[in-house]
Amino acid sequence: MTDEGTPYPLEVIIQATPKSLQAKHLAAWKERVAQAGLARRQETCELPFLDERKLAATIFYFPSDPMVGDVDNIVKPILDSLKGVAYLDDQVIERVTVQKFEPDGGWEFLNPSDRLTAALDMEPPVVYIRIGDDLSWRRVR
């Protein structure tokens, strides 16, 4: 469990195909993301405290077949689903990294977190989401 009372980094794994804003069953997808986020938050932080801190989101999608559609279309439903779960409002998300890893892509991760390793060990399709407060990539002026 985290020791600051914040759930960060919050890493969520969902074994499913993500939905875009135009998809059928979008409400069910968003509920699934929210419930997975809540469950993981409860596992990682006893008394979570959500505030206005700036955050970064990482979304990795591991499809079972080559992806149909654009990878950027899966972002908004995921971020909207985590309002009240990982942050008070998604306006605090300052940076989003999204990437698809199609089968037979020849990719490899160096030093993946335990949760990312678990996602990699699952049968696709899998969505890995990480919400974190490490903004060390910022250029300090």
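Residues numbered from 1 in each chain as written. Predicted model: local features only at pLDDT ≥ 70, side-chain atom pairs only at ≥ 80, totals over all residues. Heavy atoms only, no water.

1. Some details on the pattern of salt bridges
Should the charged atoms of two oppositely charged side chains come close, the side chains can pair.
And step 1. With the rule as written, the count across this model stands at eight salt bridges.
And step 2. We note a salt bridge from Arg-53 to Asp-133, for which the minimum N-O separation is 2.7 Å. Taken together, the residues Arg-53 in the loop between α1 (26-44) and β2 (55-62) and Asp-133 in the segment after β4 (126-132) connect sequence positions 80 residues apart.
And step 3. Assessed through its relative accessible area of 24%, Arg-53 is described here as partly exposed.
And step 4. Of the charged contacts in the structure, one is a salt bridge between Asp-80 and Lys-76, with a shortest N-O distance of 3.2 Å. Within this pair, Asp-80 and its partner Lys-76 are both found in helix α2 (residues 75-81), separated by four residues, close to a single helical turn.
And step 5. You can call Asp-80 buried: its relative accessible area is 17%.
And step 6. A network of salt bridges, in which partner residues are shared, links Lys-76, Asp-80, Lys-83 and Asp-90. (Salt bridge = Lys/Arg side-chain N within 4 Å of Asp/Glu carboxyl O. Helix = DSSP H or I, 4+ residues; strand = E, 2+ residues; numbered from the N terminus. Buried < 20%, exposed > 50% of the residue type's maximum accessible area, 1.4 Å probe, protein only.)

2. A closer look at the pairing of strand β1 (residues 10-14)
And step 1. Of all five residues in β1, five are buried, a share of seventy percent or more.
And step 2. Going residue by residue along β1, you find Leu-10, Val-12 and Ile-14 tucked away on one face and Glu-11 and Ile-13 tucked away on the opposite face as well.
And step 3. Pairing between β1 and β4: five bridges, direction antiparallel. Of the residues in β4, the one forming a bridge with Glu-11 is Arg-130. (Pairing = 2+ DSSP bridges.)

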